[in-house]
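The chain contents come next:
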2 protein chains.
Amino acid sequence: MASRVRDQSQAGRNGLKEKVLTLDTMNPCVRRVEYAVRGPIVQRALELEQELRQGVKKPFTEVIRANIGDAQAMGQRPITFLRQVLALCVHPSLLSSPDFPEDAKRKAERILQACGGHSLGSYSVSSGIQLIREDVAQYIERRDGGIPADPNNIFLSTGASDAIVTVLKLLVSGEGRARTGVLIPIPQYPLYSAALAELDAVQVDYYLDEERAWALDLAELRRALYQARDLCRPRALCVINPGNPTGQVQTRECIEAVIRFAFEEGLFLMADEVYQDNVYAEGSEFHSFKKVLMEMGPPYSTQQELASFHSASKGYMGECGFRGGYVEVVNMDTDVQQQMGKLMSVRLCPPVPGQALLDMVVSPPTPSDPSFAQFQAERREVLAELSAKAKLTEQVFNKVPGIHCNPVQGAMYSFPRMQLPPRAVQRAQELGLAPDMFFCLRLLEETGICVVPGSGFGQREGTYHFRMTILPPMDKLRKVLEKLSHFHTEFTREFS
Amino acid sequence: MASRVRDQSQAGRNGLKEKVLTLDTMNPCVRRVEYAVRGPIVQRALELEQELRQGVKKPFTEVIRANIGDAQAMGQRPITFLRQVLALCVHPSLLSSPDFPEDAKRKAERILQACGGHSLGSYSVSSGIQLIREDVAQYIERRDGGIPADPNNIFLSTGASDAIVTVLKLLVSGEGRARTGVLIPIPQYPLYSAALAELDAVQVDYYLDEERAWALDLAELRRALYQARDLCRPRALCVINPGNPTGQVQTRECIEAVIRFAFEEGLFLMADEVYQDNVYAEGSEFHSFKKVLMEMGPPYSTQQELASFHSASKGYMGECGFRGGYVEVVNMDTDVQQQMGKLMSVRLCPPVPGQALLDMVVSPPTPSDPSFAQFQAERREVLAELSAKAKLTEQVFNKVPGIHCNPVQGAMYSFPRMQLPPRAVQRAQELGLAPDMFFCLRLLEETGICVVPGSGFGQREGTYHFRMTILPPMDKLRKVLEKLSHFHTEFTREFS
Ligand SMILES: Cc1ncc(COP(=O)(O)O)c(C=O)c1O
Ligand SMILES: Cc1ncc(COP(=O)(O)O)c(C=O)c1O
């Protein structure tokens, strides 16, 4: 090695120095990370937007980003009460302004009281402001019909992403056949595959059942686990409910079965429940893993380890940019929980404005508050519109020959399966592209519609999908759905 | 393994199930992480505060947290202009209010225009809002006397912490003797040791020279590097300037020498410059690594890889809670830079309010703006007060027999060396505590003053230090300094 260093230094004097950090010398785990939601297709969408701004002629006048679950970017208006309180927190001299409702002021004062120096500008405790953790605990109790939640088991985070990665990080250990394996659904939200690649853990895929509206199938879960045991040590099971990208909402029976399975097989459960407020289908209802676990009684309620994640980015508020989120841990080993707190303290604290925002989400105005009526109306309107858009999406897609779309029971996405003609598949392969990537790129170039190919989330070999959000405003969504359907028909014709 | 699993499952039925995640099965790297700034002493401080609130009698009436560089927690007021703009961004209906200056409104509108859906509530591009990256680039150019900065080389982050960990993550690879080593100063800011432990890289210590006001000594750097080469592959060199916890400001010559050293030895340079606005000592001046590197000309300016970090948490604004920061990379391999962007995209984006705040820091009001006078006055006042507190700290400590305090040339901390009587050292050892931890715990219990023991930052074997911020308000700081000095004298007497 010393000689290699000398060589480099020599090269340096000749002006031909190698870089220290190159693709070859870089962390190999980083190289394996992929993140489709922000991948090449989104890069291309950015370029197209730039070209449009520069006056380049295109067959469309705007790029429509149906690639990411970002409601406000698609024109959804922030909930007034949330922003009023935040403005008061940010700039407390507004507390004397007559333009803010009295409950917003009370709320802001309460939050500021709990901040160091009574300012959002101070670091908080690493696990988050105590008062807010208490409010989160109360929210969980209300949500779960009174089942207690302990603020000490709640850690606020920089979006749910941060908390998910932190819990995964704790779980990773071992080498070779003892390497940690983590079961994730396929299709999945690619944060999971990316984080597992980064952490050098083994991704263990279990396939959701498209024929049964993306239900979680216990037999398939068992198959995945048992096969994986030859290669690694599976230690955790991730469930996304409501599902991203698949939009299903799990039944209570299914959740019970998953919990029983995790318990019997010795798996740590991770429940990604960031879409818990986004349930649209009749007959579907959100059941939290925590509630089901507790209602199952011992030994499950007293022993099964669970981490449940929530976020301020989704729901009716869609405040993605604030990066508010939390994780509740249940039955976690006390020492490990302490280690988790320590780990989080290295990055000091989650963004305090995001914490404040989360507080409003978990303790919104109540009927006796002056802001209640408006808050409730705004909230309902958003959810009603999302619900209508979920139905519309399913209807329109299912009229198109060659497209099949499961009901969008919850979350913010449809994930339709499409048939692609063999010649299109062949052309894609010649171009070195996944067939659905080829489709999505062509769609983008010709219509300006940006959706993410199914290959970015995982899908059964030989099937093709894309993920499209239901977030564009109703009028626009209708046009997008029609354009996309039309494009698929034309594309199929072109390659037949 | 299969049998182990069966055993667990068996145990489960008997109600004696092992946890999946225990200290023994947890990620072993996490276990090695330490983070003194938020360690046991801070935990104890929290408990004491609770006890005081509950009316427990103590020899003090409040806990004074001189343990963390958090200006607003110590009572510093936010800069008005920053909060005005933020309030407008958060709640745009304020844009029609007559209570906000016109330049604040212009600024807010400009930021909102650059946000998806014109809202802080949208995710931004992962590397940060383009407009803000451009403003950062212009700030760097002004700071560095016109040397160009490219917005594409700037990545906004969740505080500087996030960017530092990301760059370290890229650098980590190899095993055994090929494992990445990273040179860090001792004493250091413990984010570095914590991140290296978490990433399983080798921490290579180089000692700052306390006798020369914590100067960086090239011979020591060389010793550290050459010794480390027997054990690992050193690939990066971290420098903190102005220093935390040591408060030194590096001379231009020293920076040049460090750059030459890094170049010759093939080391990636990481310059932690979050205290660039915090320089107090006469004769001291902040020189950015980027500027010095560029002025040195080729091959340094064209080849030496550098990452420079800045933050909205320090300086005159002290907006820690917003988690705004950035890294500028220089001469980074293009492919690696792209990988870094990809890595950041997994967590979606840095908090948008923090990005907005950073924008105001890098493009504050100019002389023709209505807010300029007040902004300038507030900024000057904070920095003048910090400067006075830096001097006072040094003066008071150096009057105490057994305490030696280097000048606080910059940053926000003093790091005095103290003599501890052998019997105190012995007592500490009996208690299983580092001697300076023993001192600091006693100090906290008896005076309510919370400072961090030197052992949390690293120090030469057999020397003892503590880190104390200069952030308490002037009056309080004076009292704290006197109390602490008195306590040291008493402590010395007690154990003589
Ligand atoms: C299933 C799922 N989990 C987690 C996240 C992370 O969201 P955030 O980090 O914004 O809270 C998302 C975002 O789209 C998601 O869809
Ligand atoms: C030297 C140094 N670097 C980085 C940081 C991280 O600051 P932040 O993440 O708040 O930007 C700090 C905070 O105290 C610091 O002292």
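Cut-offs applied
Residues numbered from 1 in each chain as written. Chains lettered and ligands numbered in written order. Predicted model: local features only at pLDDT ≥ 70, side-chain atom pairs only at ≥ 80, totals over all residues. Heavy atoms only, no water. Phe/Tyr/Trp six-rings, centres within 6.5 Å; stacked < 30°, edge-to-face > 60°. Helix = DSSP H or I, 4+ residues; strand = E, 2+ residues; numbered from the N terminus. Buried < 20%, exposed > 50% of the residue type's maximum accessible area, 1.4 Å probe, protein only. Lys NZ or Arg CZ within 6 Å of the ring centre and 35° of its normal. Least-squares fit on C-alpha atoms with pLDDT ≥ 70 in both. Contact = heavy atoms within 4.5 Å. Near = heavy atom within 4 Å. Polar contact = N/O pair within 3.5 Å; in protein donor to acceptor, adjacent residues only side chain to side chain. Areas by Shrake-Rupley, 256 points an atom, 1.4 Å probe, with all protein chains shown as cover. Nonpolar A, V, L, I, M, F, W, Y, C, P; charged D, E, K, R; others polar. Salt bridge = Lys/Arg side-chain N within 4 Å of Asp/Glu carboxyl O. Pairing = 2+ DSSP bridges. Buried area = accessible area lost by both parts, 1.4 Å probe. Expected span 1.5 Å × (residues − 1). Axes fitted to C-alpha atoms, helices over the stretch in contact; angles between N-to-C directions. Core = buried A, V, L, I, M, F, W, Y, C linked by side-chain atoms within 4.5 Å. Parallel < 35°, antiparallel > 145°, perpendicular 65-115°, else oblique. Left-handed = near helix turned anticlockwise from the far one by under 90°. UniProt positions renumbered as here; feature names shortened; annotations may be inferred.

Caption draft 1: Representation of the packing of aromatic side chains within the structure. Evaluated as defined, the whole model comprises 28 aromatic pairs over all chains. Relative to Phe487(B), the ring of Phe439(B) lies with its centre 5.3 Å away and its plane at 65°, an arrangement referred to as edge-to-face. A residue pair is termed long-range when its members are at least 10 positions apart, and Phe439(B) in helix H17 (residues 435-447) and Phe487(B) in helix H18 (residues 474-494) qualify at 48 residues. Note on accessibility: Phe439(B) and Phe487(B) belong to one class, buried. A network of ring pairs unites the aromatic residues Phe397(A), Phe438(A), Phe439(A), Phe466(A), Phe487(A), Phe491(A) and Phe495(A) as a single cluster. Positioned above the aromatic ring of Phe155(A), the side-chain terminus of Arg133(A) is 5.9 Å from the ring centre. The ring centre of Tyr316(B) lies 4.7 Å from the NZ or CZ of Arg379(B), which sits over that ring.

Caption draft 2: Looking closely at the relation of the copies chain A and chain B. In the superposition of chain A on chain B (RMSD 0.0 Å, axial shift 0.0 Å), the rotation amounts to 180°. Such a combination of rotation and displacement between the chain copies is what one expects of a two-fold axis. Of every C-alpha in chain A, the one belonging to Ala87(A) sits nearest the axis of rotation, 2.4 Å from it. A share of 100% of the interface residues of chain A reappears at the interface of chain B, consistent with the copies meeting face to face through the same patch.

Caption draft 3: Local environment of the site of ligand 2. Among the 17 residues in the neighbourhood of ligand 2, the closest are listed as Ser161(B), Asn244(B), Asp272(B), Ser311(B) and Ser313(B). Around ligand 2 the close residues trace back to chains A and B. Take Tyr123(A): an N or O atom from its side chain is 2.6 Å from an oxygen atom of ligand 2. Between Arg323(B) and ligand 2, the recorded distance is 2.7 Å, taken from a side-chain N or O atom to an oxygen atom. The fraction of the free accessible surface of ligand 2 (390 Å²) that becomes covered by protein chains is 99%. With four residues, helix H7 (residues 159-171) of chain B is the single largest residue contributor to the shell around ligand 2. Residue classes in the shell around ligand 2 are distributed as nine nonpolar, five polar and three charged.

Caption draft 4: Representation of the pattern of salt bridges within the structure. As enumerated under the stated definition, the model contains 68 salt bridges over all chains in all. Residue Arg417(A) is joined to Glu211(A) by a salt bridge in which the shortest nitrogen-to-oxygen separation is 3.3 Å. Linking Arg417(A) in strand E11 (residues 417-418) with Glu211(A) in the loop between strand E4 (202-207) and helix H9 (218-228), this pair joins segments that are 206 residues apart in sequence. Residue classification places Glu211(A) among the exposed positions, given a relative accessible area of 61%. Here Arg110(B) ties to Asp135(B) by a salt bridge, and the two come within 2.9 Å at their closest N and O atoms.

Caption draft 5: Structural view of the environment of Gly69(A). Positionally, Gly69(A) belongs in the loop between strand E1 (64-65) and helix H4 (80-90). Classification of Gly69(A) as buried rests on a relative accessible area of 1%. Along the chain, Gly69(A) and Asn278(A) lie 209 residues apart, while their C-alpha atoms are 12 Å from each other. If we skip the residues at most four places from it in the chain, Gly69(A) touches Lys314(A), Cys320(A), Tyr413(A), Arg467(A), Thr469(A), Leu471(A) and Tyr123(B).

Caption draft 6: Structural context of the pairing of strand E2 (residues 154-158) of chain B. All names here are of chain B. A large share of E2 lies buried, amounting to five of its five residues. Examined bridge by bridge, E2 and strand E8 (residues 324-330) share five bridges and lie antiparallel to one another. Note on E8: the bridge partner recorded for Ile-154 is Glu-328.

Caption draft 7: Quick peek at the interface of chain A and chain B. Taken together, the 101 residues of chain A in the interface contact 101 residues of chain B. Of the roughly 8,700 Å² buried between chain A and chain B on both sides combined, carbon and sulfur atoms contribute 59%. Applying the counting rule to chain A against chain B returns four salt bridges. Put simply, Asp162(A) and Arg347(B) hold a salt bridge, and the shortest N to O gap is 3.6 Å. Seen at the junction of chain A and chain B, the total is 46 residue pairs in polar contact (both at pLDDT 80 or more).

Caption draft 8: Representation of helix H10 (residues 252-265) of chain A within the structure. Residue and element names in this part refer to chain A. An ideal rise of 1.5 Å per residue puts 20 Å on 14 residues; H10 measures up with 20 Å between its terminal C-alpha atoms. When we look at burial in H10, the residues that qualify are Cys-254, Ile-255, Val-258, Ile-259, Phe-261, Ala-262, Phe-263 and Glu-265. A positive backbone phi angle near 70° is found at Gly-266, which sits one or two residues after H10.

Caption draft 9: How the structure looks around the site of ligand 1. With respect to spatial proximity, 16 residues lie near ligand 1, and among them Ser161(A), Asn244(A), Asp272(A), Ser311(A) and Ser313(A) are the closest. With respect to ligand 1, its neighbouring residues span chains A and B. Asn244(A) is positioned such that a nitrogen or oxygen atom in its side chain is 2.6 Å from an oxygen atom of ligand 1. Between ligand 1 and Ser311(A), the relevant distance is 2.6 Å, taken from an oxygen atom to a side-chain nitrogen or oxygen of the residue. Considering ligand 1 on its own, with 390 Å² of exposed area, one finds that the protein chains cover 99% of that surface. Looking at the shell around ligand 1, the element that brings in the most residues is helix H7 (residues 159-171) of chain A, giving four residues.

Caption draft 10: Examining the sheet that holds strand E6 (residues 268-272) of chain B more closely. All names here are of chain B. As summarised here, the arrangement of the seven strands in space is E2-E8-E7-E6-E5-E3-E4, forming an open sheet in which the pairing is mixed. Because the sheet does not close on itself, it has two edges, and the strands there are E2 and strand E4 (202-207). On average, each strand axis in the sheet is tilted by 25° relative to the strand beside it, whichever way the strands run. Of the pairings in the sheet, the one linking strand E3 (residues 180-186) to strand E5 (residues 233-240) comprises four bridges and is parallel in character. Looking across to E5, one finds that Gly-181 is bridged to Pro-234. Along the sheet face, H7 touches E2, E3, E5, E6, strand E7 (306-311) and E8 and points at about 115° away from the line of E2.

Caption draft 11: Structural view of the sheet that holds strand E5 (residues 233-240) of chain A. All names here are of chain A. Read from one edge of the open sheet, seven strands run E2-E8-E7-E6-E5-E3-E4, paired in mixed fashion. Two strands lie at the open edges of the sheet, namely strand E2 (154-158) and E4, each paired on one side alone. Each neighbouring strand pair of the sheet contributes to a mean axis angle of 25°, computed without reference to strand direction. In this structure, strand E6 (residues 268-272) lies alongside strand E7 (residues 306-311), joined through four bridges in parallel fashion. Directly across from Met-270, in E7, lies its bridge partner Ala-307. Contacts from H7 reach E2, strand E3 (180-186), E5, E6, E7 and strand E8 (324-330), with the element oriented near 115° to E2. Set on the sheet, helix H8 (residues 191-199) makes contact with E3, E4, E5 and E6; between it and E3 the angle comes to about 160°.

Caption draft 12: Structural context of the nonpolar core. Among the nonpolar cores identified, the biggest contains 203 residues, and Phe268(A) and Phe268(B) are the most heavily contacted of them. Beyond its immediate chain neighbours, meaning those up to four positions away, Phe268(A) contacts Val167(A), Leu171(A), Arg235(A), Ala236(A), Leu237(A), Gln304(A), Glu305(A), Leu306(A), Ala307(A), Met332(A), Val20(B) and Leu21(B).

Caption draft 13: Quick peek at the packing of helix H9 (residues 218-228) of chain B against helix H10 (residues 252-265) of chain B. Residues and elements named next belong to chain B. As a packed pair, H9 and H10 sit with axes 11 Å apart at the nearest point and diverge in direction by 25°. With respect to H10, the axis of H9 lies roughly parallel. For the crossing formed where H9 meets H10, the hand is right-handed. Contact residues: Leu-218, Leu-221, Arg-222, Leu-225 and Tyr-226 in H9; Ala-257, Val-258, Phe-261 and Glu-265 in H10.

Caption draft 14: Looking closely at the packing of H4(A) against helix H5 (residues 102-113) of chain A. Residues and elements named next belong to chain A. Closest axis-to-axis distance for the H4/H5 pair is 9 Å, and the angle between their directions is 50°. What the angle tells us is that H4 and H5 run oblique. Two packed elements cross with a definite hand, and for H4 against H5 that hand is right-handed. Listed contacts from H5 to Phe-81, Gln-84, Val-85, Leu-88 and Cys-89 of H4 are Asp-103, Ala-104, Lys-105, Lys-107, Ala-108, Ile-111 and Leu-112.

Caption draft 15: Inspection of the UniProt feature "domain: Aminotransferase class I/classII large" (unreviewed entry) in chain A at higher detail. Under the present numbering, the feature "domain: Aminotransferase class I/classII large" (unreviewed entry) in UniProt falls on residues 103-484 of chain A. In residues 103-484 of chain A, helix accounts for 43% and strand for 16%; the two terminal C-alpha atoms are 46 Å from one another.

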